[in-house]
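The primary structure of each chain is shown beneath.
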Amino acid sequence: MAVNYTDTPIEYLKGVGPQRAEILKKELGIFTFNDLLHYFPFRYVDRSRFYSIKEATEDLQYIQIKGAIKQITSHGDKRATRLTALFADDSGTIELVWFQSIKWMRDKLRAGTKYIVFGKPTSFSGKLNIVHPEIEELTDETIKNLGGLQGAYSTTELSKIKGVDSKAIVRLQKTLIAGLPKYLPETLSAKIIAGDQLMPLHDALVNIHLPSDSALLQKAQYRLKFEELFFLQLKLLISKQIRMEKHRGVRFEKIGDYFNDFYHHHLPFELTDAQKRVLKEIRFDCGSGNQMNRLLQGDVGSGKTIVALLAMFIAIDNGFQCCLMAPTEILSQQHFATISRMVKDLPVQVHILTGSTPAKDRRVIHKGLMEGFIQILIG
């Protein structure tokens, strides 16, 4: 029977129950079937290949080996305790090492039993070992469940101790996905899905957790990333629309003497077509009565400051004062020097106010701002 994957509490999923549900909620923030379905792997490993121990090197990101435990040994005492197991196959031996959950591992491991070991080979004192490997008893069922690409899920130390590790989440995902309806309501329109050749939502959620191959995994990732960015962009556009409708800006209707005098008689160079276009857009925004949020992007020396100065002249012509903010004091000093040089022949008062401005000068600047004497402030 298909499960209600949206709001069903996670404790009702087979294999969870009340105690494991508390761990999922407190440690991983998984409260419902939908939360689990959208708890995506942070990486994938290929569990289809088995290495022999003699093939193990430090350069490998991980290895998967089949063999048997020959010997289990505890070392040290109290805080310095570690557990080691000598693991062997037909090609050689390698040491498995645990520094945490030692009692639990000691009770779990049995010498002479065959296991599948998965982990990162490292070297210590000239010998290869695997620290905190994933280990499970070798059975026909284990081999069957390994599959190819397998997701690795983020967990916490407490969740691991309580039995909710990455492998446990993989098992829960398989149980959840087995009960999913064949069709899930789409979150994107048919036009967008067809136009961008996106994988259906159901298939994307299945293949993000249990990909049959790397090609399907890539399609699933693309679909889900597209969706996330789409709704983020939509949220920004809605916020912009609300802001434009509810929060009106000051309308700068006049292009007056300050702008025209500087533009026609004091402009240090001819504006490029791109600068003219941007300035035209800014003039339109300032005259629309809507708040303007605009990103002006360009290389160093491309003339962004001159565009900002002309925009400030529009505000000054309409009876307002302007402030140009820079991210650092050094950059504010550079802007102050540049703008002061550009307006030296105009009746424009430009001052700079930074954290290092002396108290005496600060009082003068505050007074000039309050009285409207200062027209441009750099900070």
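Values in this document were obtained by computation on a predicted structure and should not be read as measured data. (Residues numbered from 1 in each chain as written. Predicted model: local features only at pLDDT ≥ 70, side-chain atom pairs only at ≥ 80, totals over all residues. Heavy atoms only, no water.)

Q: So what's going on with the pairing of strand β4 (residues 92-98)? Which residues, and what values?
A: Judged from the 7 bridges that link them, strand β3 (residues 82-89) and β4 form a sheet pairing that is antiparallel. If you follow alanine 85 over to β4, its bridge partner there is leucine 96. As consecutive antiparallel partners, β3 and β4 are separated by 2 residues. Strand direction decides the pairing type here: β4 and strand β7 (residues 127-131), joined by 3 bridges, are parallel. What sits directly across from glutamate 95, in β7, is asparagine 129. (Pairing = 2+ DSSP bridges. Helix = DSSP H or I, 4+ residues; strand = E, 2+ residues; numbered from the N terminus.)

Q: How would you explain the pattern of salt bridges if you had to name every residue and give the values?
A: Under the criterion given, the structure shown has 14 salt bridges. A salt bridge links aspartate 107 to lysine 103; the nearest nitrogen and oxygen atoms lie 3.3 Å apart. Of this pair, aspartate 107 and lysine 103 both sit in helix α3 (residues 102-108), 4 residues apart, which is roughly one turn of the helix. No difference in accessibility class separates aspartate 107 from lysine 103, as the two residues are exposed. Between glutamate 253 and arginine 251 there is a salt bridge; the shortest N-O distance is 3.8 Å. Its relative accessible area of 66% is what places glutamate 253 among the exposed residues. (Salt bridge = Lys/Arg side-chain N within 4 Å of Asp/Glu carboxyl O. Buried < 20%, exposed > 50% of the residue type's maximum accessible area, 1.4 Å probe, protein only.)

Q: Outline a nonpolar patch on the surface, listing residues and values.
A: Taken together, the side chains of Phe231, Leu234, Ile238 and Ile242 make up a nonpolar region of the molecular surface, amounting to roughly 320 Å² of accessible area. Position of isoleucine 242 relative to the elements: it lies in helix α9 (residues 214-246). Classification of isoleucine 242 by relative accessible area gives partly exposed; the value is 41%. (Patch = residues over 30% accessible without salt bridge, like charges linked within 9 Å, V, L, I, M, F, W, Y side chains within 5 Å. Areas by Shrake-Rupley, 256 points an atom, 1.4 Å probe, with all protein chains shown as cover.)

Q: Describe the packing of helix α12 (residues 304-317) against helix α13 (residues 329-342), naming the residues involved and giving the relevant values.
A: Taken N-terminus to C-terminus, the directions of α12 and α13 make an angle of 60°; their axes are 11 Å apart at the nearest point. Comparing the axis directions of α12 and α13 gives the class oblique. Viewed along their axes, α12 and α13 form a crossing whose handedness is right-handed. Each of Thr305, Ile306, Leu309 and Met312 in α12 lies in contact with α13, whose residues at this interface are His335, Ile339 and Met342. Its residues placed into classes, the contact of α12 with α13 shows 5 nonpolar, 2 polar and no charged. (Axes fitted to C-alpha atoms, helices over the stretch in contact; angles between N-to-C directions. Parallel < 35°, antiparallel > 145°, perpendicular 65-115°, else oblique. Left-handed = near helix turned anticlockwise from the far one by under 90°. Contact = heavy atoms within 4.5 Å. Nonpolar A, V, L, I, M, F, W, Y, C, P; charged D, E, K, R; others polar.)

Q: Residues and numbers for the side chain of lysine 167, please.
A: Locating lysine 167 in the fold gives a position in helix α6 (residues 166-178). Buried and without a salt bridge, lysine 167 has glutamate 136 as its closest oppositely charged side chain, separated by 4.5 Å. Among the polar contacts listed, one links the side chain of lysine 167 to the backbone oxygen of isoleucine 135, at a separation of 3.4 Å. Setting aside residues no more than four positions away along its own chain, lysine 167 makes contact with Glu134, Ile135 and Glu136. (Lys, Arg positive; Asp, Glu negative; His and termini not counted. Polar contact = N/O pair within 3.5 Å; in protein donor to acceptor, adjacent residues only side chain to side chain.)

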